[in-house]
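Structural description and commentary
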Amino acid sequence: MSTQRIRPRPLVASQLVKTTPRQAGGGRSRAALVARAQESIAKGSKSFTAASWLFDKHTRERAHLLYAWARRCDDIADGQDHGFADPEVAPGLKEAGAKDRVEAIRILTHRALDGQPTADIAFDALGLVAAETGITREMCDDVIDGFALDAKGWRPRTEGDLMRYCYHVAGAVGVMMAKVMGVPDDAQDTLDRACDLGLAFQLNNIARDISEDDAAGRCYLPQEWLAEEDIPPGEVMRPQHRMKLVNLTRRLVKMAQLHDARARIGAGRLNFRQRWAVLSAANIYGAIGEEVVQQAELAWDHRIHTNFLEKIGHTIAALKETIRGSWEPQQEPEWTRGKLLVMARMDGPVAAVPNTPIRDEGVRRKED
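Every chain's residues receive numbers from 1 upward, in the order its sequence appears when written. In keeping with the model being predicted, local features are shown solely for residues with a pLDDT of at least 70 and side-chain atom pairs are shown and tallied solely at 80 or more, while totals for entire chains, interfaces and linings include all residues. Each side-chain value is derived from all of the structure's non-hydrogen atoms; neither hydrogens nor water enter the calculation.

Okay, the overall build of the protein next. Strands are runs of DSSP state E lasting at least two residues, helices are runs of H or I lasting at least four, and both sets are numbered from the N terminus onward. A tally of regular secondary structure across the protein gives 14 helices and 2 strands. In the protein, which comprises 368 residues, the proportion classed as buried is 55%. Note on contacts: a residue pair is in contact if any heavy atoms of the two residues lie within 4.5 Å. Long-range contacts, defined here as pairs at least 24 residues apart, represent 77% of the contacts in the protein between residues at least 6 apart. Values of accessible area rely on a 1.4 Å probe in the Shrake-Rupley scheme; residue burial ignores everything except the protein chains shown. Surface accessibility of the protein: about 17300 Å² in total, with carbon and sulfur atoms responsible for 55%. Exposure categories follow from relative accessible area, calculated using a 1.4 Å probe and restricted to protein chains: below 20% of the type maximum is buried, above 50% is exposed, and the middle band is partly exposed.

This brings us to the confidence of the model for the protein. By definition, pLDDT measures how confident the predictor is in each residue, and it falls between 0 and 100. Per-residue confidence for the protein gives a mean pLDDT of 84, with 81% of residues at or over 70. Summarising per-element confidence for the protein, the mean pLDDT is lowest in strand β2 (residues 84-85) (46) and highest in helix α8 (residues 188-208) (97). The low-confidence segment residues 347-367 (pLDDT under 50) makes 76 contacts with residues lying over four places distant or belonging to another chain.

Before going further, it helps to examine the packing of helix α7 (residues 159-180) against helix α11 (residues 242-267). In this analysis, axes come from line fits to C-alpha atoms, helices being fitted only over the stretch in contact, and the angle between any two N-to-C directions falls in the range 0 to 180 degrees. Closest axis-to-axis distance for the α7/α11 pair is 13 Å, and the angle between their directions is 55°. Between α7 and α11, the angle is such that the two are oblique. For α7 against α11, the interelement crossing comes out right-handed. Residue-level contacts link Glu159, Leu162 and Met163 of α7 to Arg251, Leu252, Met255 and His259 of α11. A breakdown of the residues in the contact of α7 with α11 according to their chemical character gives 4 nonpolar, 1 polar and 2 charged. Orientation categories follow fixed angle ranges, with anything under 35 degrees roughly parallel, anything over 145 roughly antiparallel, 65 to 115 roughly perpendicular, and all other angles oblique. Handedness of a crossing is defined here by the sense of rotation of the near helix relative to the far one, left-handed for an anticlockwise turn of less than a right angle and right-handed for a clockwise turn. When residue character is reported, Ala, Val, Leu, Ile, Met, Phe, Trp, Tyr, Cys and Pro are called nonpolar, Asp, Glu, Lys and Arg charged, and the others, Gly included, polar.

As structure tokens, then:
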């Protein structure tokens, strides 16, 4: 009787075992990804939609693909659908903790960048636009790190903490948008200016959304600023603090205006249609901050936005500026992309108050 060991047979022939082929967009057609991305932006952001239609067709499609990913990440992080509560969004993730949802975002993003299917069309859209434009994993991780800060209940202690957060959630997206518009990696100053535009957008958004963020258990005003105005933590929206809050929003909007002015220098280096689109978006978001300042203590009694006719006016003004093409060097803001990148790469957590629970149903950064 033979004592020779018998090897178990594989369930399938080894020559049939194959790895999933890498395909930008997870194997979905470009047309399908673009169509779904356009649906997402039309539903999620009237301001970005208005500006993006000024792009040439190819740039516009890529911008929509990138937006679809950013919007989907935002929704998964908050368990929402286009910025609004939806019990059906992200099945299985709604019940997960905030940190788990952010980890799911990171895994799906990396899989999409590796050319693997994700079963989520927004992440597949990222894989396609990244392959076409050179968007890197590091750029995407910079954005996801902003969601990670929110997931652990982070709060800014200093102005630097605030600006690092703004870099993650908006400045880094500005850099990705510059890649969408074809800005090469060696044009670092233009990428810096794109970051400036994102920072300006986010500072204006924070000024407008103080009440909504407070209702969601979040506050992006630095602790040091609140202490200077003698506003106790958790009491930002108390009626007796309204005028003090106006002082802080003026500070936010002034910083936004400085970054906006620097961003326009970079816009001047783009082609005509790209320049027009960028300046239109800058005008629309800048108007939001200006309206917050103008309405003063009444600014948070209702949500400030720009209507259709106002958007048309801002677009016409941007066209005039695009044609005129006069962008003078502006004062450099304290918080440059280079400085913020160093902060973003630091080991250890950002200086912040102890973690506090956040409400999953809260609103993050809804667009107009």
